[in-house]
Amino acid sequence: MRDQLASFEAMGYGKLPVCVAKTQFSFSTNPDLKGAPSDHIIPVREVRLSAGAEFIVAICGDIMTMPGLPKVPAADSIDIGTDGKIVGLF
């Protein structure tokens, strides 16, 4: 992960804010430790660059993330044809 972060910095993303993805139940990554437990270490298992959103994501603990959106939204291909019918829907 240190190499990944160094790579992000070399690409010019070194000043981006960091978003920490972890359980919502605790400041730790353990959902059983409710609230603000003390003396815990947050294990970061992966880091991701969200260049379009302009932040770095630190994935912590056993958490699933949602897939990102495509670079070009599907709405860009939706239109109204000459016959007045909608075209470009899946």
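Everything numeric in this text was worked out from a predicted model, so none of it was measured.

K.L.:
Which parts of the structure should I look at to understand the sheet that holds strand S1 (residues 18-21)?
P.N.:
Across a sheet, paired strands are connected by hydrogen bonds in the backbone, their directions being either parallel or antiparallel. Reading across the sheet, the 3 strands line up as S1-S3-S2 and stay open at both edges, with mixed pairing between neighbours. Across the chains shown, the open sheet's two edge strands, defined by having one partner strand only, are S1 and strand S2 (44-50). The sheet shows a mean angle of 20° between the axes of neighbouring strands, direction not considered. Across 6 bridges, S2 lies against strand S3 (residues 55-60) in antiparallel orientation. Among the inter-strand pairings, Arg48 is bridged to a residue of S3, identified as Val57. Across the sheet, helix H1 (residues 2-13) is in contact with S2 and S3; its angle to S2 comes to roughly 15°.

K.L.:
Explanation requested: the state of the cysteines in the structure shown.
P.N.:
Covalently bonding the sulfur atom of one cysteine to the sulfur atom of another cysteine gives a disulfide. All told, the structure shown has 0 disulfides when counted by the stated rule. Between Cys19, a free cysteine, and Cys60, which holds the nearest cysteine sulfur, the sulfur-to-sulfur gap is 9.5 Å. When its relative accessible area of 35% is taken as the criterion, Cys19 is described as partly exposed.

K.L.:
Explain the pattern of salt bridges to me, please; I cannot follow it from the model alone.
P.N.:
Side-chain pairs of opposite charge can arise whenever the charged atoms involved come near each other. Taken as a whole and assessed by the stated rule, the structure comprises 2 salt bridges. Residue Arg45 is joined to Glu46 by a salt bridge in which the shortest nitrogen-to-oxygen separation is 3.9 Å. For Arg45, a relative accessible area of 45% gives the class partly exposed. In this structure Glu46 comes out as partly exposed when scored by relative accessible area, which is 26%. Linked through salt bridges whose partners overlap, the residues forming this network are Arg45, Glu46 and Arg48.

K.L.:
How do you make sense of the confidence of the model for the chain when you look at a structure like this?
P.N.:
Put simply, the chain has an average pLDDT of 86, and 99% of its residues get 70 or more. Across the chain, the element-wise mean pLDDT spans from 90 in S1 up to 95 in H1.

K.L.:
How do you make sense of unusual backbone geometry when you look at a structure like this?
P.N.:
Residues apart from glycine generally show negative phi values, whereas peptide bonds are mostly found in trans. The phi torsion at Glu54 lies on the positive side, around 65°, for a residue other than glycine. Here Glu54 lies in the loop between S2 and S3. Exposure remark for Glu54: the relative accessible area of 52% places this residue in the exposed category.

Quick notes on the rules
- Residues numbered from 1 in each chain as written.
- Predicted model: local features only at pLDDT ≥ 70, side-chain atom pairs only at ≥ 80, totals over all residues.
- Heavy atoms only, no water.
- Pairing = 2+ DSSP bridges.
- Helix = DSSP H or I, 4+ residues; strand = E, 2+ residues; numbered from the N terminus.
- Axes fitted to C-alpha atoms, helices over the stretch in contact; angles between N-to-C directions.
- Contact = heavy atoms within 4.5 Å.
- Disulfide = S-S within 2.5 Å.
- Buried < 20%, exposed > 50% of the residue type's maximum accessible area, 1.4 Å probe, protein only.
- Salt bridge = Lys/Arg side-chain N within 4 Å of Asp/Glu carboxyl O.
- pLDDT = per-residue confidence, 0-100.

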